[in-house]
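Chain by chain, the residues run as shown.
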Amino acid sequence: KVGINLPRSSADQSSIGESISLSDIKVGDLLFFRTYKEEPSHVGIYIGNNKMIHASFKQGEVIVDDISKGYFQKRFLFAKRHNLWFLNSIHLIKYN
């Protein structure tokens, strides 16, 4: 525990933070997607180089994905920036 309370659902998480354009995203920004309903139903954390880390329902684990994939491009709604130290201090994540 780090003493920070965040909303549990992606829809509730999408109501907080500063809205930013996709062209201005930085490491640690949250990316919201419409997957199975009209409101945000999926969220990923941007890690740079057009990549995000997110919990994949299909694969049943946390993975790194390219946000320029057609699947995510079609479903992207908006991005938000938070002043939360653990989101803004992601410097290096190794992935295949």
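All of the points below concern the structure found in this document. (Residues numbered from 1 in each chain as written. Predicted model: local features only at pLDDT ≥ 70, side-chain atom pairs only at ≥ 80, totals over all residues. Heavy atoms only, no water.)

So, on to the sheet that holds strand S4 (residues 51-56). Spatial strand order, S1-S6-S2-S3-S4-S5: six strands in an open sheet with antiparallel pairing. The sheet is open, and its two borders are formed by strand S1 (18-20) and strand S5 (61-66), each paired with just one other strand. In this sheet, adjacent strand axes meet at a mean angle of 35° when their direction is disregarded. Note: S4 against S5, six bridges, orientation antiparallel. Residue pairing for S5: Ile-53 is matched across the bridge by Val-64. (Pairing = 2+ DSSP bridges. Helix = DSSP H or I, 4+ residues; strand = E, 2+ residues; numbered from the N terminus. Axes fitted to C-alpha atoms, helices over the stretch in contact; angles between N-to-C directions.)

Quick look at the side chain of Asp-29 now. Its location among the elements puts Asp-29 in the loop between S1 and strand S2 (30-33). The class of Asp-29 is buried, set by a relative accessible area of 0%. Of the polar contacts made by the side chain of Asp-29, one reaches the side chain of Arg-81; its length is 2.8 Å. With residues near it in sequence (within four places) discarded, Asp-29 still touches Ile-20, Asp-24, Gly-44, Ile-45, Tyr-46, Lys-80 and Arg-81. (Buried < 20%, exposed > 50% of the residue type's maximum accessible area, 1.4 Å probe, protein only. Polar contact = N/O pair within 3.5 Å; in protein donor to acceptor, adjacent residues only side chain to side chain. Contact = heavy atoms within 4.5 Å.)

Using the criterion set out here, one finds five salt bridges in the structure. A salt bridge links Lys-37 to Glu-39, with the shortest nitrogen-to-oxygen separation between them at 3.1 Å. Lys-37 sits in the partly exposed class, given a relative accessible area of 33%. Its salt-bridge partner being Lys-69, residue Asp-65 comes within 2.6 Å of it at the nearest N-O pair. A relative accessible area of 11% places Asp-65 in the buried class. Here Lys-69 falls in the partly exposed class, since its relative accessible area comes to 41%. (Salt bridge = Lys/Arg side-chain N within 4 Å of Asp/Glu carboxyl O.)

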